[in-house]
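Residue-level structural notes
Chain by chain, the residues:
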Amino acid sequence: MSTLTIRDLHASVDGFEILRGVDLEINSGEVHALMGPNGSGKSTLAHVLMGRSDYQATAGSVTVDGVELLGLPTWQRAARGVFLAMQYPVEVAGVTVGDLVTAAFAARGNGGAPADLDTQVRDEARRLEISDEFLTRGVNAEFSGGEQKRMETLQLAVLKPTFAILDEIDSGLDVDALRDVARRIEAMTSDDNLGVLAITHYDRLLTELKPDRVHILLGGRVVKSGGPELAQQLEATGYEGLAAELGVDELTVEKPKEADPFGEAGF
Ligand code: ADP
Ligand code: MG
């Protein structure tokens with residue numbers, strides 16, 4: 001078993017603090033849902049875990065089985081078993097998904113891609129209802145939201161990381177795509193012992209991808225954790241209701257606007 005441990009993580013952009021002390025612990029095989037309103041810092045957490053260079057982790061630690069990830073380049077974090085499915089996957093013109101996973105295996109070391117990689121990619125495509133055409137195009141080139149997220153899931157299934165961070169994998173998906181993607185990931189948690197941090201707004205995803213724990217992020221902090229019932233409770237109270245209940249003032253983390261001397265009437 002592996003454990004991804006996030007301790008008192010603080011992170012900033014251009015000196016402005018977005019994450020203000022995040023603690024989470026995820027074991028392999030577990031699904032943790034992270035819910036929070038727009039602007040609460042969810043994507044920032046995903047990027048900081050993966051080491052995107054415009055975010056500075058200023059305090060705390062992120063470890064996999066005790067090995068510190070902060071300070072490592074993204075590819076080394078991937079080599080240690082962490083995978084990020086981005087909220088807005090980027091288009092890679094001229095690079096097929098086969099090329100992409102081959103490169104990912106090569107970067108990881110351990111002898112590179114498995115010999116039957118092509119077969120694995122095709123099998124996963126069938127399982128995720130991705131038509132062959134998408135296997136020969138550049139990744140995410142003219143893909144719909146649903147096609148992008150199916151393709152992220154294909155990469156996840158073939159690369160078999162230890163931990164997957166899914167940043168709103170449910171956004172822009174119709175019900176069929178949502179079900180296919182969520183079921184495939186749910187199966188990985190039992191077949192491959194995948195640990196999941198599923199970032200989402202809604203409990204819709206969580207009806208298929210059953211969370212063991214639910215965490216609420218408000219103002220760059222996890223303000224409440226609980227079992228699956230917390231997602232339903234939230235659906236009833238809303239984030240504002242929950243914030244009021246907990247006595248939390250800030251729901252979002254907003255960078256103060258630059259002072260604008262002409263902004264106010266009368267000047
Ligand atoms: P969420 O994913 O919960 O909607 P984000 O993590 O994307 O929230 O954003 C949290 C806050 O941090 C927002 O106010 C956003 O504008 C700010 N922020 C996030 N990333 C950047 C960035 N790269 N540069 C400047 N501000 C950022
Ligand atoms: Mg986001």
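Before reading on, note that the structure itself is shown above.
Residues numbered from 1 in each chain as written. Chains lettered and ligands numbered in written order. Predicted model: local features only at pLDDT ≥ 70, side-chain atom pairs only at ≥ 80, totals over all residues. Heavy atoms only, no water.

With that out of the way, let us pick up the sheet that holds strand 1 (residues 3-13). Backbone hydrogen bonds are what pair the strands of a sheet, in a parallel or an antiparallel way. Within the open sheet, the four strands sit side by side as 2-1-4-5. Their pairing is antiparallel. Each edge of the open sheet carries a strand with a single partner, namely strand 2 (16-27) and strand 5 (67-68). As judged from the seven bridges shared by strand 1 and strand 4 (residues 56-64), these two strands associate in the antiparallel manner. Bridge pairing in strand 4 places Thr5 opposite Thr63. Where helix 1 (residues 42-50) meets the sheet, its contacts fall on strand 1, strand 2 and strand 4, and the angle it forms with strand 2 comes to roughly 70 degrees. (Pairing = 2+ DSSP bridges. Helix = DSSP H or I, 4+ residues; strand = E, 2+ residues; numbered from the N terminus. Contact = heavy atoms within 4.5 Å. Axes fitted to C-alpha atoms, helices over the stretch in contact; angles between N-to-C directions.)

Here we take up the site of ligand 1. The local shell around ligand 1 holds 13 residues, among which Gly39, Lys42, Thr44, Tyr55 and Val253 are the closest. Between ligand 1 and Val253, the relevant distance is 2.6 Å, taken from an oxygen atom to a main-chain nitrogen or oxygen of the residue. Against a free-state accessible area of 560 Å², the protein chains account for coverage of 70% of ligand 1. Take the shell around ligand 1: its biggest share by element is three residues, from helix 1. Partitioned by chemical class, the residues of the shell around ligand 1 number five nonpolar, six polar and two charged. (Near = heavy atom within 4 Å. Polar contact = N/O pair within 3.5 Å; in protein donor to acceptor, adjacent residues only side chain to side chain. Areas by Shrake-Rupley, 256 points an atom, 1.4 Å probe, with all protein chains shown as cover. Nonpolar A, V, L, I, M, F, W, Y, C, P; charged D, E, K, R; others polar.)

Ideal donor angles around a metal are set by the shape: a four-donor tetrahedron calls for 109.5 degrees, a six-donor octahedron for 90 or 180 degrees. Looking at the magnesium ion (ligand 2), the protein donor atoms are Ser43 (OG) and Gln87 (OE1), and they sit 2.1 to 2.4 Å from it. Here Ser43 is found in helix 1, whereas its partner Gln87 is found in the loop between strand 6 (82-85) and helix 3 (97-108), with 44 residues between them in sequence. (Donors = N, O, S within 2.8 Å, 3.2 Å for Na, K, Ca; no water.)

A few words now on the nonpolar core. Within the largest apolar cluster, 48 residues are counted, with the highest numbers of intra-cluster contacts made by Leu154, Leu166, Ile185, Leu209 and Ile216. Setting aside residues no more than four positions away along its own chain, Leu166 makes contact with Ala85, Leu156, Ile185, Val196, Leu197, Ala198, Ile199 and Leu209. Leu4, Phe16, Ile18 and Ile199 belong to the second-largest nonpolar core, a separate cluster that totals 30 residues. (Core = buried A, V, L, I, M, F, W, Y, C linked by side-chain atoms within 4.5 Å. Buried < 20%, exposed > 50% of the residue type's maximum accessible area, 1.4 Å probe, protein only.)

Moving residue by residue along a regular strand, the side chains alternate between the two faces of the sheet. Taking burial as the measure, the five residues of strand 3 (residues 31-35) include five buried ones, the bulk of the element. Side-chain alternation along strand 3 places Val31, Ala33 and Met35 on one buried face and His32 and Leu34 on a second face that is also buried. Here strand 3 pairs with strand 8 (residues 195-200) via five bridges, running parallel. Residue pairing in the sheet places Leu34 in a bridge with Ile199 of strand 8. Here strand 3 pairs with strand 9 (residues 213-218) via four bridges, running parallel. Looking at strand 9, one finds that Ala33 is bridged to Val214.

Moving on, we get to the side chain of Asp167. Structurally, Asp167 is set in strand 7 (residues 163-167). Lys42 is the oppositely charged side chain nearest to the buried, salt-bridge-free Asp167, at an N-O distance of 6.6 Å. The residues contacting Asp167, other than those within four sequence positions of it, are Ser43, Ala46, Ala85, Met86, Gln87, Lys149 and Ile199. (Lys, Arg positive; Asp, Glu negative; His and termini not counted. Salt bridge = Lys/Arg side-chain N within 4 Å of Asp/Glu carboxyl O.)

Reading across the sheet, the six strands line up as 6-7-8-3-9-10 and stay open at both edges, with mixed pairing between neighbours. Among the strands making up the open sheet, the edge pair consists of strand 6 and strand 10 (221-226). If you compare each strand with its neighbour and ignore which way they point, the axes differ by 20 degrees on average. Pairing between strand 6 and strand 7: four bridges, direction parallel. Bridge pairing links Ala85 to Leu166 in strand 7. Contacts from helix 6 (residues 145-159) reach strand 6 and strand 7 within the one sheet, and its direction differs from that of strand 6 by about 170 degrees.

Of note, Glu129 is a non-glycine position whose phi angle comes to about 55 degrees, a positive value. For Glu129, the location among the structural elements is in the loop between helix 4 (117-127) and helix 5 (133-136). What makes Glu129 exposed here is its relative accessible area of 59%. At Glu168, a position not held by glycine, the phi torsion is positive, near 50 degrees. Its place among the elements puts Glu168 in the loop between strand 7 and helix 7 (175-191).

Further remarks concern the pairing of strand 2. Most of strand 2 sits out of view: nine of its twelve residues are buried. Bridge analysis of strand 1 against strand 2 gives nine bridges, and the strand direction is antiparallel. Note that in strand 2 the partner of His10 across the bridge is Arg20.

This part covers the packing of helix 6 against helix 7. In contact at an axis separation of 10 Å, helix 6 and helix 7 are set at 10 degrees when each is read in the N-to-C sense. If you check the angle between helix 6 and helix 7, you find them roughly parallel. When helix 6 is examined against helix 7, the residues Gly146, Lys149, Arg150, Thr153, Leu156 and Ala157 are found in contact with a partner set consisting of Asp176, Ala177, Asp180, Val181, Arg184, Ile185 and Met188. (Parallel < 35°, antiparallel > 145°, perpendicular 65-115°, else oblique.)

Keep in mind that these numbers describe shape and distance, not what the molecule does.
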